[in-house]
Amino acid sequence: MPPKYPVLRPITIKDRLKLQPLLDRTENSICELNFSNLIIWEDFDHPQITTIHNNFCILISSPIEEPYFLEPLGSQKIIETVDLYLKEKSKIAPVSEKFLYSLPAEKYQTTCLRNQFDYIYQTTSLAQLKGKDFDGKRNHINKFKNKNPHYK
């Protein structure tokens, strides 16, 4: 079980059993709300987990921007959880449309950042990862395999 806020700890592969059912209930339009994505990018995003009002909460601490929370995973006291997020960090990002529209619009300022929308690959391109454009993805996969030799 993740610690209670303000204590955080890094997400590990062992968290999959607890996190996956909650992630499965979120809108699939956000790649950050995917367990594989959290683990693959762990060396860059440094995801940490905690609980606030019995919701699982993930803090991302990328070296290229200020730390931010992902939308809470759960359904307990969401407004209070969001208020605590925003008291501690300047933003919650990215958020699903479902989550966004569940919040009172008059209470929160939202900004749509088109350059941060997710993108789609052709299945064959992503499956094969051929060419220079996929060097970074191959490097991330190899790093993951080296760190987790017994993954399934």
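Just above, that's the structure.
Residues numbered from 1 in each chain as written. Predicted model: local features only at pLDDT ≥ 70, side-chain atom pairs only at ≥ 80, totals over all residues. Heavy atoms only, no water.

## Here we look at the pairing of strand S3 (residues 55-60)
The following threshold applies: Accessibility here uses a 1.4 Å probe with only protein chains present; expressed as a share of the type maximum, an area under 20% marks a residue as buried, one over 50% as exposed, and anything in between as partly exposed. Strands are runs of DSSP state E lasting at least 2 residues, helices are runs of H or I lasting at least 4, and numbering of each runs from the N terminus. A pair of strands is considered paired only if DSSP assigns at least 2 bridges between the two.
With six of six residues buried, S3 lies mostly within the body of the structure. Along S3, one buried face is formed by Asn55, Cys57 and Leu59 and the opposite face, lined by Phe56, Ile58 and Ile60, is buried too. Of the strand pairs in this sheet, strand S2 (residues 48-52) and S3 are connected by five bridges, and their pairing is antiparallel. In the sheet register, Thr50 faces S3, and the bridge partner there is Cys57. Connecting the antiparallel pair S2 and S3 is a turn made up of two residues, with His53 showing a positive phi of about 55°. Where S3 and strand S4 (residues 68-69) come together, two bridges link them in antiparallel fashion. When the bridges of S4 are listed, Leu59 appears paired with Phe69.

## Looking at empty space enclosed by the protein
Here is the rule: Grid spacing is 1 Å over the protein atoms alone, the probe is 1.4 Å, and a cavity is where that probe fits but cannot get out, while a pocket is an open set with protein on both sides within 12 Å along at least five of seven lines and lining residues have an atom within 4 Å of a point. Grid points are joined across faces, edges and corners, and a volume is the space filled by probe spheres set on the points. Residues are grouped as follows: Ala, Val, Leu, Ile, Met, Phe, Trp, Tyr, Cys and Pro are nonpolar; Asp, Glu, Lys and Arg are charged; every other residue, Gly included, is polar.
For the structure on display, the rule yields two cavities of 30 Å³ or more. Roughly 40 Å³ of volume is contained in the largest cavity. If you go around the largest cavity, the residues you meet are Glu32, Asn37, Leu38, Trp41, Asp45, Ile60 and Leu70. Its residues assigned to classes, the lining of the largest cavity comprises four nonpolar, one polar and two charged. The calculated volume of the second largest cavity comes to roughly 30 Å³. Contributing to the lining of the second largest cavity are Ile39, Ile40, Glu42, Asp43, His140, Lys143, Phe144 and Lys147. Mapped onto the lining of the second largest cavity, the elements with two or more residues apiece are helix H2 (35-40), helix H3 (42-45) and helix H7 (135-147). Per element, the largest residue contribution to the lining of the second largest cavity is four residues, and it comes from H7.

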